Amino acid sequence: MKKTDNMIFIWDFFKAKGLSDYGIAGLMGNLYAESGLRSNTLERLCIKRYSELGINFTDDLYTRSVDNGAISKAEFLSPMGKHYGYGLAQWTTESRKRGLYEYTEQQYVSIGDLKAQCEYLFSELSTTFKNTLTVLKMAQDINSASDRVLLKFEAPKDAELQIEPRRKYSKEIYDLMGAEMVIIGSARIDENGHASGGKAGDQNGKEVSTQEYYMHPKRWITVRAKEPQAREAIARNMEWACTNNNIGYDQNQNQTLYQVAKPLGFNCSLVGTPCETDCARLVRVCVLYAGIQVSDFYTGNEVDALLATDAFEVVDVPMPDGLMRGDILVTKTKGHTVVVLTNGANVKPTTPAAPSNDKLGWIKVGTDYYYRIASGANAHGWNDIKCKDGNTYRFYFDDKGKMQTGWQHIGDYWYYFHDTVGSGLEGAMYVSDKDGRQFIATF
């Protein structure tokens, strides 16, 4: 078993909800057995039964088909008139799948959205499975937590045969994700292992990326934003930067990220142009995204620049157990800087309010529109979206996530999208009837 981004997200999510480390491991060991910790997993027997009917689904295609309505709500709840599992917890019964479907619909996110599924799972634990939630919060050993989730929450028909395998998975996850682990994110080095000279953008997924905490040889100074909302925004933007391969590392081109991100509100998830940064300039962009105006800096004067905003303070905490998500670490002499993405073992979990400019749904940047389908992810290509008037219209977003208007040549055909600014339906697709009359189509 290897550490994955999904594993880190799920662990941190339930840590923030107050589950003990043993409880989280027990829960996640069961989720791993059910779905491999993938939120778009369709039960393999269901895929087989569809294939027998000549319908070939992958997890991805099935999820998109539910999202765009090709698979109806009724078919999702009871595929081919039977019960099959879907998602992180392999929800199977119609009532529990209905809850998942309606929750993601209300949130305007994909049925396979990881964050939404974690939220729905926790809502189940908080209501229908309250006693199980209590066990997971108070758990002092992995096996009892794993057994509780298996027997009372998942409850498969062959539960007794699953006890030992799921205990094993839970122990492996605990060993990988124990409380001592803290994750940090930063701009690190270019694709050739040099400080400059590479191609724009992240060429190998490692130029700007996350890693486990380590003690730098020059030692760290911990700088902490005074407001929890600011800390959350800084961490969130760093996470977006680490997963956006348009953002690479180059000290000689370190201002290009700033230039590209400025008109986007410094939101790194919206950066669609290959650009470069270095460790300090990336931290600055994260701070600017949090709404804190800070002058340009490098690691040698970073602490002074941050303190000058009056929004930060230097804290002396045990490393890494006392670190908070959103803390900024700077070497004591010129060298490196990172953002802390997970809480240390001694930090009481909190759930900061999301920054106001981190919302789902329609987002306007300058004169352009984007549609946020999940945290850090915008719609691309064709999307059917339910609008304020209650109707669903078809929109098209380019490879940067920008909504298209007017005439557009897509594939082998031309399409027309409403282009009247302020109409309320700007971007909605037109169709023609048999007489050639055009009207905005509903779906």
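Here the structure is shown first, and the text comes after it.
It should be emphasised that the depicted structure is a prediction, and the values quoted were computed from it without experimental measurement.

Cut-offs and rules
- Residues numbered from 1 in each chain as written.
- Predicted model: local features only at pLDDT ≥ 70, side-chain atom pairs only at ≥ 80, totals over all residues.
- Heavy atoms only, no water.
- Buried < 20%, exposed > 50% of the residue type's maximum accessible area, 1.4 Å probe, protein only.
- Helix = DSSP H or I, 4+ residues; strand = E, 2+ residues; numbered from the N terminus.
- Arc of directions from axis to C-beta.
- Contact = heavy atoms within 4.5 Å.
- Core = buried A, V, L, I, M, F, W, Y, C linked by side-chain atoms within 4.5 Å.
- Pairing = 2+ DSSP bridges.
- Axes fitted to C-alpha atoms, helices over the stretch in contact; angles between N-to-C directions.
- Parallel < 35°, antiparallel > 145°, perpendicular 65-115°, else oblique.
- Left-handed = near helix turned anticlockwise from the far one by under 90°.
- Nonpolar A, V, L, I, M, F, W, Y, C, P; charged D, E, K, R; others polar.

Engineer: Whenever I open this one, helix α4 (residues 59-67) confuses me. Can you help?
Structural biologist: Residues that lie three or four places apart on an α-helix share one face, since the helix turns once every 3.6 residues. All of the buried residues in α4 are Asp59, Tyr62, Thr63, Ser65 and Val66. Projected onto a plane normal to the axis of α4, the buried residues spread over an arc of 160° and lie on a single side. Those residues of α4 hidden inside the fold are in contact with α3 (44-52), α5 (73-77) and α6 (94-107). Among the residues trailing α4, Gly69 stands out with phi positive, at a value near 90°.

Engineer: Can you help me understand the nonpolar core in this one?
Structural biologist: Note that soluble globular proteins tend to have their nonpolar side chains buried in a common cluster. Formed by 92 residues in total, the largest nonpolar core has its most connected members in Phe14, Phe76, Phe312 and Ile328. Aside from chain neighbours lying at most four places away, what touches Phe76 is Tyr62, Val66, Ile71, Tyr86, Lys97, Leu100, Tyr101 and Ile111.

Engineer: Got a minute to help me understand the sheet that holds strand β7 (residues 328-331) in this structure?
Structural biologist: Across a sheet, strands are paired by hydrogen bonds formed along the backbone, either parallel or antiparallel in direction. Across the sheet, six strands lie side by side as β2-β1-β8-β7-β3-β6; this open sheet has antiparallel pairing. With partners counted over all chains shown, the strands left at the sheet margins are β2 (208-212) and β6 (312-315), one partner each. The sheet shows a mean angle of 30° between the axes of neighbouring strands, direction not considered. For strand β3 (residues 220-225) and β7, the ladder comprises four bridges, and the chain directions are antiparallel.

Engineer: I keep staring at the pairing of strand β1 (residues 183-187) and nothing clicks. Help me out?
Structural biologist: In regular strands, side chains alternate between the two faces of the sheet. With five of five residues buried, β1 is to be regarded as a mostly interior element. Residues Ile183, Gly185 and Ala187 of β1 are buried on one face, and the alternating residues Ile184 and Ser186, pointing to the opposite face, are buried as well. Sheet topology places β1 next to β2; five bridges connect them, and they run antiparallel. Residue Ile184 lies in a different strand from β2, and its bridge partner there is Gln211.

Engineer: Can you walk me through the packing of helix α2 (residues 21-35) against helix α9 (residues 142-154) in this structure?
Structural biologist: Between two packed helices, both the angle of their axes relative to each other and the distance between the axes serve to describe the pair. Running from amino to carboxyl end, α2 crosses α9 at an angle of 50°, the nearest separation of the two axes being 7 Å. Classified by the angle between their axes, α2 and α9 sit oblique to one another. The two elements α2 and α9 meet at a crossing, and its hand is right-handed. Contacts between α2 and α9 involve Tyr22, Gly23, Gly26, Leu27, Asn30, Leu31 and Glu34 on the former and, on the latter, Ile142, Ala145, Ser146, Val149, Leu150 and Glu154. Classifying every residue of the contact of α2 with α9 gives seven nonpolar, four polar and two charged.

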